[in-house]
Amino acid sequence: QVQLVESGGGLVQAGGSLRLSCAVSGRAFSTRNLGWFRQAPGKEREFVAFIWSGESTSEADSVKGRFTISRDNTKNTMYLQMNTLKPEDTAVYYCAVWGLGDYWRPTSYTYWGQGTQVTVSS
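Residue positions within a chain follow its written sequence, with the count starting from 1. Thresholds applied to this predicted model are a pLDDT of at least 70 for local features of residues and 80 or more for the giving and counting of side-chain atom pairs; totals over whole chains, interfaces and linings are not thresholded and use all residues. The side-chain quantities take in all heavy atoms of the structure and omit both hydrogens and water.

A. Representation of unusual backbone geometry within the structure. Despite not being glycine, alanine 28 has its phi angle at roughly 65°, a positive value. In DSSP terms, a helix is any run of H or I states spanning at least four residues, a strand is any run of E spanning at least two, and both are numbered starting from the N terminus. Residue position: alanine 28 is located in the loop between strand S3 (18-24) and strand S4 (34-39).

B. Spatial organisation of the state of the cysteines. Here, a disulfide means two cysteine sulfur atoms that sit within 2.5 Å of each other. Scanning all chains against the criterion turns up 1 disulfide. Each disulfide pairs two cysteine sulfurs, and for cysteine 22 the partner residue is cysteine 95, the sulfurs being separated by 2.1 Å. Taking the torsion about the sulfur-sulfur bond, which here is approximately 70°, the covalent link between cysteine 22 and cysteine 95 counts as right-handed. Taken together, the residues span a long stretch of sequence, with cysteine 22 in strand S3 and cysteine 95 in strand S9 (residues 91-98) at a distance of 73 residues. Like cysteine 22, the residue cysteine 95 is buried in the burial classification. Between buried and exposed lies partly exposed: a residue is buried under 20% and exposed over 50% of the maximum accessible area for its type, with that area taken using a 1.4 Å probe on protein chains only.

C. Structural view of the packing of aromatic side chains. Note on ring pairs: Phe, Tyr and Trp rings are taken, using the six-membered ring of Trp, and paired if centres are within 6.5 Å. Classes follow the plane angle, with under 30 degrees stacked, over 60 edge-to-face and the rest tilted. The full count for this structure, using the stated rule, is 11 aromatic pairs. Between phenylalanine 37 and phenylalanine 47 the ring centres are 5.8 Å apart and the planes differ by 75°, which places this aromatic pair in the edge-to-face class. In this pair, phenylalanine 37 is assigned in strand S4 and phenylalanine 47 in strand S5 (residues 46-51), connecting sequence segments 10 residues apart. Exposure remark for phenylalanine 37: the relative accessible area of 0% places this residue in the buried category. We classify phenylalanine 47 as buried; its relative accessible area is 13%.

D. The arrangement of the nonpolar core in detail. What we call a nonpolar core is a set of buried Ala, Val, Leu, Ile, Met, Phe, Trp, Tyr and Cys residues that are connected through their side-chain atoms within 4.5 Å. Among the nonpolar cores identified, the biggest contains 33 residues, and Trp36, Val48, Phe67, Met78, Leu80, Met82 and Tyr93 are the most heavily contacted of them. When residues of this core are traced back to their parent elements, those giving at least two are S3, S4, S5, strand S7 (67-72), strand S8 (77-82), S9 and strand S11 (116-121). Two residues qualify as a contact provided that any one of their heavy atoms is within 4.5 Å of a heavy atom in the partner residue. Setting aside residues no more than four positions away along its own chain, methionine 78 makes contact with Leu20, Ser21, Cys22, Phe29, Leu34, Gly35, Trp36, Ile51, Ile69, Ser70, Arg71 and Cys95.

E. Region of interest: the pattern of salt bridges. Each salt bridge in this description consists of a side-chain nitrogen of Lys or Arg and a carboxyl oxygen of Asp or Glu lying within 4 Å of one another. In the structure shown here, the tally under the stated rule is 5 salt bridges. Here arginine 38 and glutamate 46 are joined by a salt bridge, their closest N and O atoms 2.5 Å apart. Given the relative accessible area of 5%, arginine 38 is considered buried. On the basis of relative accessible area, glutamate 46 is assigned to the partly exposed category, the value being 34%. For arginine 38, the salt bridge goes to aspartate 89, with nearest N and O atoms at 2.9 Å. Placement of arginine 38 in strand S4 and of aspartate 89 in the loop between S8 and S9 is noted, with a sequence separation of 51 residues between them. Each member of the pair, arginine 38 as well as aspartate 89, is classed as buried.

F. Broad picture of the pairing of S5. Of all 6 residues that make up S5, 5 are buried, and the element is covered over most of its length. Think of it this way: DSSP has to see at least two bridges between two strands before they count as a pair. Here S4 runs beside S5; their pairing, made up of 5 bridges, is antiparallel. Counterpart to glycine 35 in the pairing with S5 is phenylalanine 50. Between S4 and S5, which pair antiparallel one after the other, the connecting turn spans 6 residues, and glycine 42 there sits at a positive phi close to 75°. Counting the residues in the hairpin turn of S5 and strand S6 (residues 57-59) gives 5 residues, including glutamate 55, whose phi is positive at 80°.

Below you can see the structure in the form of structure tokens.
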């Protein structure tokens, strides 16, 4: 069984930065493709960023140039560095292990973390 635990969320002023971490248990971390999603109140869960096992990445247009996804295979951990945060980035952020399908769709993921709250004040 695979378990994911997010950390690093919190309250930050607009223009500030946060780094989220996602610790993944289980074997074969280095071979897994991973993603970050977020969900604001009353909205659907939306794609934020994706990282392949080979460490190529893809980011949503809304965060491109501000957010950076990365991974440390020696620590079984994935990160999301978030800079120049905006109030519209406020959401619960989830990490997930990709299973099959389009990486930007939540339905393509097999395992999910419990989420961490990010709140950006104006």
